[in-house]
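Coordinate analysis (summary)
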Amino acid sequence: MPIDGVEESEIASALDNLLNAPGTRISARGARFLRYVVEKAIAGQSAQLKAYTIAVDVFGRGVDFDPAKDAVVRNEATRLRSALALYYAVDGAAESVTIQLPVGGYGPRFARRPGKVAGSSGSDETLVRAGLRPIAAPAQPGEARPGPEHRIPIIVIRAAAGGTPSEASSRMIRSVVAALVPYHGLRIAGLEPHKSFEDLVASLRPGGAGSIYVLDIAADVEDRVLRCQWMLSEHRSGLILASREKIESAGASSMMAAEKIVGEDVARAIGQRWGIVNVNERKLHPDKHQDAYSCVVHAVTYLANLDDTEQKDIRTCLEAAVRAEPFYSDAWAMLSYIQMNEIRGLYARPAESGRILQEALDMADEAIRVAPHSALAHSMRSTVLFAMGKFEEFERAGRRAITLNPGSGEHQLTLGNRLYVMGRYAEGAELVRLANVREHYHPAMSYGVPILELYRQRDYEGALWLASNLSIDEKYYFMHVMLAAVCGQLGATAKAETHLQILRRLRPHYATEFYLDWRGRKFQEDYIAHIVEGLDKAGFAVTDTRIDS
């Protein structure tokens, strides 16, 4: 008999593939657990899957086992959920049937995946010819369910000036669509031949909810030089949000390579978290508590400045979002970061860190379960794994995010920042440099590592010059720590005191929190000592509250 619409033979095959996969992160005990619950489900005995029966039958506990005193089953289930999410997101991404262990019980669920969507390169399957009927970005698993997608912005891409597009414009439109599709949280549509623009808009937004943006593209090629002009406007207001020109020489490479470069450049400007659309959406949704989508839009701003006063409000908002829209991957992904930041932001007691980080990982896993191809979800999972000190898995998840959206330097930038603080200085700094060559992202993300590297090289003048030329939110306390240390090394005590005054206002107890903060960020001890030296010269003494065993 089929279970959840999946045949027993398919379930058995999926289980064998999973347990025999070289890249699976399931332990021998976890494998026994999973096989037991799957076989019970196939036998129609899911109702018997309680902590007590699993502890006795799988883990050899005695008949006096008390789940309130022994958390072996709960803990193993948590590890198993994480391993399952990782497997189906990476090594098992091509599996047609998935096995899941939903939170709240031990009965497994089985799901048949829809037809294969865009490959990891985000290229062939996502390309569309200009003039096709309206297309949405490839639907991710779970996104067809009721949720916030009717409010997610739609970008209509068309040839500028109407009429039949030139061959160069048609090819450029295809490249832009391919580059925009991997940006989760957007919908992409093309104008169908012989259909008016107004009819298309009416079909895309029949209820009127959500924004529609129009991206007009014109391109031509002369002497192997590609010239692309594009303009983005908001449909309802007619407001032009951006108008730019990009020129790219094919040189010795193919014209297709030049088109890919330009397409990714356009997509980054429009679709990244601090891009044109997201900035405009925050203006259109001033109340973060209006709905789940509005909350996610505003959570992006919080991630940029980590404002203490916003932490609780954003968390409340996101918790309401996932309750109202449990299949909204972006909300789960953002909430996993907020949860993780309870530790990194020093809002929680160190003794609670294990539980809090595990819950953050569960949230990130849920984001991936709902949308396995979301680069944002994998990036947030990578961030949590880094905070947990699981560096191999962190890097794996971070590189997966890059693979899912190769045109965006944002995930490359995130991975580079983390590799740098781990002590892989040259590798991390180079990833950050390559990301910044593509686009300037949020200053704190883009220039934190370059400033830290100048400091590490003892080029304090260079570090101060770079930092002084950035527009960084004053509430971003970490930058004031770095600048105070830089000024201290230069003997510029007056400038150092300016930053220390802001730091004391933002973090009144930072003198005793410093080591928790920098070690929590995984900085190397020699680098921490170097920063302490600068702070001491600036007149800011920090106390190491760590108690060595």
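Residues numbered from 1 in each chain as written. Predicted model: local features only at pLDDT ≥ 70, side-chain atom pairs only at ≥ 80, totals over all residues. Heavy atoms only, no water.

**Describing the pattern of salt bridges**
For the record, the criterion: Only one rule defines a salt bridge in this text: a Lys or Arg side-chain nitrogen within 4 Å of an Asp or Glu carboxyl oxygen. Strands are runs of DSSP state E lasting at least 2 residues, helices are runs of H or I lasting at least 4, and numbering of each runs from the N terminus. Exposure is judged per residue with a 1.4 Å probe applied to protein chains only, and the accessible area is read against the type maximum: over 50% gives exposed, under 20% gives buried, and values in between give partly exposed.
Across all of its chains, the model carries 30 salt bridges by this definition. Between R151 and D291 there is a salt bridge, and its shortest N-O distance comes to 3.4 Å. Pair noted here: R151 is in the loop between β2 (109-112) and β3 (154-159) and D291 is in the loop between α8 (276-284) and α9 (292-305), with a separation of 140 residues, a long-range link. By the burial criterion, R151 is buried, and D291 matches it. Here E410 makes a salt bridge to R273, at a shortest N to O gap of 2.2 Å. Of the two residues, E410 sits in helix α15 (residues 410-421) while R273 sits in the loop between α7 (255-271) and α8, which places them 137 residues apart along the sequence. Comparing E410 with R273 shows no difference in burial state: the two are buried. Several salt bridges share partner residues, and in doing so they unite E395, R399, R424 and E427 into one network.

**Quick look at the state of the cysteines**
Quick reminder of the rule: Put simply, a disulfide is two cysteine sulfurs that come within 2.5 Å.
Applying the stated criterion to the full structure yields 1 disulfide. The disulfide bridge from C295 ends at C317, spanning 2.1 Å between sulfur atoms. Placement of C295 in helix α9 and of C317 in helix α10 (residues 308-324) is noted, with a sequence separation of 22 residues between them. Assessed through its relative accessible area of 1%, C295 is described here as buried. For C317, a relative accessible area of 4% gives the class buried.

**Comments concerning the environment of I157**
Mapped onto the fold, I157 is located in strand β3. Classification of I157 by relative accessible area gives buried; the value is 3%. Put simply, I157 and V176 are 19 residues apart on the chain and 8.6 Å apart in space, counted from C-alpha to C-alpha.

**Focus: the confidence of the model for the chain**
In plain terms, the rule: Confidence scores here are pLDDT values: one per residue, from the predictor, ranging 0 to 100. By definition, residues are in contact when any of their heavy atoms lie within 4.5 Å.
When pLDDT is averaged across the chain, the result is 82; 85% of the residues are at 70 or more. In this model, residues 115-146 is a region of pLDDT below 50 whose contacts with residues beyond four sequence positions or in other chains number 64 contacts.

**A few points about the packing of helix α13 (residues 375-387) against α15**
Spelled out, the test is: Lines fitted to the C-alpha atoms define the axes, with helices restricted to the stretch that makes contact. Angles between their N-to-C directions range from 0 to 180 degrees. Roughly parallel covers angles under 35 degrees, roughly antiparallel covers those over 145, roughly perpendicular covers 65 to 115, and oblique covers all other angles. Amino acids are sorted into nonpolar (Ala, Val, Leu, Ile, Met, Phe, Trp, Tyr, Cys and Pro), charged (Asp, Glu, Lys and Arg) and polar (every other residue, Gly among them).
Relative to each other, α13 and α15 sit at 10°, their axes nearing to 11 Å. Comparing their axes, α15 and α13 come out roughly parallel. The residues of α15 that touch α13, namely those facing A375, L376, S379, T383 and F386, are H411, T414, R418 and V421. In terms of residue class, the contact of α13 with α15 is made up of 4 nonpolar, 4 polar and 1 charged.

**Regarding the packing of helix α19 (residues 477-490) against helix α21 (residues 510-520)**
Axes are the key here: two packed helices are described by the angle between their axes and the distance separating the axes. Across the interface, α19 lies against α21 with an axial gap of 13 Å and an inter-helix angle of 100°. Taken as axis vectors, α19 and α21 run roughly perpendicular relative to one another. Contacts between α19 and α21 involve Y477, F478, V481 and M482 from the former and Y510, F514, D517 and W518 from the latter. Across the contact of α19 with α21, the residue classes break down as 7 nonpolar, no polar and 1 charged.

**Considering the nonpolar core**
This is how the line gets drawn: Here the nonpolar core consists of buried residues drawn from Ala, Val, Leu, Ile, Met, Phe, Trp, Tyr and Cys, with membership extended through side-chain atoms lying within 4.5 Å.
Membership of the largest hydrophobic core comes to 90 residues, with the highest contact counts inside it found for L318, M334, F514, W518, Y527 and L535. Broken down by element, this core gets its largest block of residues, 10 residues, from α19. In contact with W518, not counting residues within four places along its chain, are L452, F478, V481, M482, Y510, F523, Y527, I528 and I531. One finds I3, A55, A83 and I99 within the second-largest nonpolar core, a separate group that totals 35 residues.

**Considerations on the sheet that holds strand β5 (residues 212-222)**
Whether parallel or antiparallel, the strands of a sheet pair through hydrogen bonds between backbone atoms. For clarity, the cut-off: Note: two strands are recorded as paired if DSSP finds a minimum of 2 bridges between them.
Spatially, 5 strands are ordered β4-β3-β5-β6-β7 in an open sheet, and the strand pairing comes out mixed. Edge positions in the sheet fall to β4 (187-190) and β7 (240-249), since each of these pairs with one other strand and no more. Pairs of neighbouring strands in the sheet enclose a mean axial angle of 20°, with direction left out of account. Where strand β6 (residues 225-234) meets β7, 9 bridges bridge the pair, whose relative direction is antiparallel. If you follow C228 over to β7, its bridge partner there is K246. Here helix α6 (residues 197-204) sits on the sheet and contacts β3, β4 and β5; the angle it forms with β3, its principal contact strand, is near 160°. Set on the sheet, α7 makes contact with β3, β5, β6 and β7; between it and β6 the angle comes to about 25°.

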